[in-house]
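Coordinate analysis (summary)
Residues per chain, in single letters:
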Amino acid sequence: MSAPTDAQRMEKIVSLCKRRGFIFQSSEIYGGLNGAWDYGPLGVELKRNLKNYWWRVMVHERDDVIGMDGAILTHPEVLKASGHVEGFSDPMIDCRTCKAHLRADQLVEKKGVKQCPNCGGKDLTEARQFNLMFETHVGAAAEESSIAYLRPETAQSIFVQFKNILEVSRKKLPFGIAQIGKAFRNEINPRNFTFRSREFEQMELEYFCRAEEGMKWLDYWLEERLKFYENIGIPRERLHAREVPDDERAFYSKGTYDIEYDFPFGFQELEGVAYRTDYDLLQHQKASGKSLEYFDDETKQRFIPHVVEPSAGVDRTILAVICDAYAEDQAPNDKGEMESRIVLRFHPRIAPIKCAVFPLLKNKESLVAKAKEIVDLLRPHMFVFYDESGAIGRRYRRQDEIGTPFCVTVDFETLGERDPALRETVTLRDRDSMKQERVAIRELVNLLISRIH
Ligand code: GAP
């Protein structure tokens, strides 16, 4: 079999996501809503596992980070102070031939002439700024005073609640506030599956520190975040930390890295790690008239802390994880003949289903009862799946395709019918090596937990 091209690989991934219930187009039966996606039964598990792991390492396993969960509806003054109302826009160009709205950086250039990437048309409008925020009205009256915005990033509610959280947590610098939640941007041209959506989730940390330590924490968080991706199964060689040059950086940032992943459609940003200085807190202090200063007990000084922000996209990370996990290889069928198989090699830590449990035969009551007993044994510790239909080889194949790292089979040995020494043991099959080992049921929980976490 020849290696698929990147575009073919992407097509296969999108089709697998739909076929196996990871990701569906939103409002599909009504023709779809561009830039919005629904996660199906397996997608929601994958997403939860990712978010839970981020929360675990960024909040629970640290003394210096606490969490919050802010509202999506945002007061317009917040986004005026942050600069979003004035400047959160992309340059937009229309193609007069096919009427497409395009981001200026999406035009293709042939022989020095800019063209529409859809129809090749050269009759293009001048670029104009298009604000990406979704505006809505709060309350019954639609006059100006009731305008609100759907937040374009989770970060702003962290800055706005900085003082409250500082007071209740009594943290000392350096410390961080973490948040996971939805953000909305009216992207001009959503594309590359879920990569650029209009509704998406972010996992953001605002890490407050003293001005003189900003660059140190920027380097620290870049390294921590690269490690995070490795710990969810994305190897370092498929990641790239791009130092954003001065002319591309926000004017208030003293240093920014983009962590990029090698998607089938090219290296693209997964996360930004930015040293935002004291810009945001200063802006909100000025606009609200409320002090957002930190009081240092030891030096008795009051000052506005600086902030370093690792800001990751949930949906983009999920897409990277799926792209990285997708593989086609050869596996034996029930007759021992080699067949091609599709396998998602998720890290067990984030795999939607951790373990599938099969009775060898579905019409043998004692095998079925034992398999269900094992499901009950594992269920308090992990998400398990019971399957009794079809030949064992086909059951393995179905689990390979959705990335289940372990399968347990209950057979006649388990019942002690063949060899009494094997009573109360099962076969444990590994998705990647396809090797099977014999494991005592009483050791199963600990063994699986040690391989998952
Ligand atoms: N608070 C900083 C901030 O929002 P950003 O680089 O605009 O920075 C951070 O966004 C991350 O959010 C991106 O690296 C990406 O993973 C995700 N993200 C941004 N826009 C997105 C979109 N339209 N669709 C999916 N994810 C997006």
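For the structure given in this document, a descriptive report is provided here.

Reading the values: the criteria
- Residues numbered from 1 in each chain as written.
- Predicted model: local features only at pLDDT ≥ 70, side-chain atom pairs only at ≥ 80, totals over all residues.
- Heavy atoms only, no water.
- Near = heavy atom within 4 Å.
- Polar contact = N/O pair within 3.5 Å; in protein donor to acceptor, adjacent residues only side chain to side chain.
- Helix = DSSP H or I, 4+ residues; strand = E, 2+ residues; numbered from the N terminus.
- Nonpolar A, V, L, I, M, F, W, Y, C, P; charged D, E, K, R; others polar.
- Salt bridge = Lys/Arg side-chain N within 4 Å of Asp/Glu carboxyl O.
- Buried < 20%, exposed > 50% of the residue type's maximum accessible area, 1.4 Å probe, protein only.
- Lys, Arg positive; Asp, Glu negative; His and termini not counted.
- Pairing = 2+ DSSP bridges.
- Axes fitted to C-alpha atoms, helices over the stretch in contact; angles between N-to-C directions.
- Contact = heavy atoms within 4.5 Å.
- Phe/Tyr/Trp six-rings, centres within 6.5 Å; stacked < 30°, edge-to-face > 60°.
- Lys NZ or Arg CZ within 6 Å of the ring centre and 35° of its normal.

1. Remarks on the site of the ligand
Taken together, 20 residues lie near the ligand, and Glu-153, Arg-185, Glu-204, Glu-269 and Leu-270 sit nearest. A distance of 2.8 Å separates a nitrogen atom of the ligand from a polar backbone atom of Ser-197. With respect to the ligand, the backbone of Gly-313 contributes an N or O atom lying 3.0 Å from an oxygen atom. When contributions to the shell around the ligand are tallied by element, the ones reaching two or more residues are strand 13 (199–209), strand 16 (266–277) and strand 19 (306–313). No other element matches strand 16, which puts five residues into the shell around the ligand. The residue inventory of the shell around the ligand, partitioned by class, reads five nonpolar, five polar and 10 charged.

2. Points about the pattern of salt bridges
A side chain of one charge can pair with a side chain of the opposite charge when the charged atoms of the two come close. For the coordinates displayed, the defined rule picks out 45 salt bridges. Between Glu-61 and Arg-56 there is a salt bridge, with the nearest N and O atoms lying 2.9 Å from each other. As a salt-bridge pair, Arg-397 and Asp-400 come within 3.6 Å of each other at their nearest N and O atoms. Placement of the pair is Arg-397 and Asp-400 together in helix 11 (residues 392–401), with a separation of three residues, close to one helical turn.

3. Points about the side chain of Glu-206
With respect to the helices, strands and loops of the structure, Glu-206 is situated in strand 13. Put simply, Glu-206 is tucked away with no salt bridge, and the nearest opposite charge, on Arg-276, sits 4.9 Å away.

4. Overview of the sheet that holds strand 23 (residues 384–386)
In spatial order, the strands read 23-22-24-25-26; together these five strands make up an open sheet with mixed pairing. If you trace the sheet from one side to the other, it starts and ends with strand 23 and strand 26 (436–440), each paired once. Looking at each pair of strands side by side, their axes are set apart by 25° on average, direction ignored. Most of the contacts of helix 10 (residues 365–378) go to strand 22 (residues 355–359), to which it runs at about 160°, and overall it touches strand 22, strand 23, strand 24 (406–410) and strand 25 (425–430). Packed on one face of the sheet, helix 12 (residues 441–452) meets strand 22, strand 24, strand 25 and strand 26 and runs near 125° to strand 26.

5. Regarding the packing of aromatic side chains
In this description, a pair of aromatic rings is defined by centroid distance and the angle of the planes. Summed over all chains, the structure comprises 22 aromatic pairs. Where Phe-159 meets Phe-208, the ring centres are 6.3 Å apart and the plane angle is 80°; that geometry is what we call edge-to-face. Highlighted residues: Phe-159 in helix 5 (residues 155–160) and Phe-208 in strand 13, separated in sequence by 49 residues. No difference in accessibility class separates Phe-159 from Phe-208, as the two residues are buried. On the numbers, 5.5 Å between centres and 90° between planes, the contact of Phe-228 with Tyr-229 is edge-to-face. With a relative accessible area of 3%, Phe-228 lands in the buried category. Classification of Tyr-229 by relative accessible area gives buried; the value is 0%. An aromatic cluster is present here, built from Phe-159, Phe-162, Phe-175 and Phe-208 joined pairwise through their rings. When the ring centre of Phe-195 is taken as origin, the NZ or CZ atom of Arg-316, which lies over that ring, is 3.7 Å away. In this arrangement the basic side chain of Arg-429 is found over the ring face of Tyr-396, its NZ or CZ atom lying 4.3 Å from the centre.

Bear in mind that shape data such as this cannot, by itself, settle questions of function.
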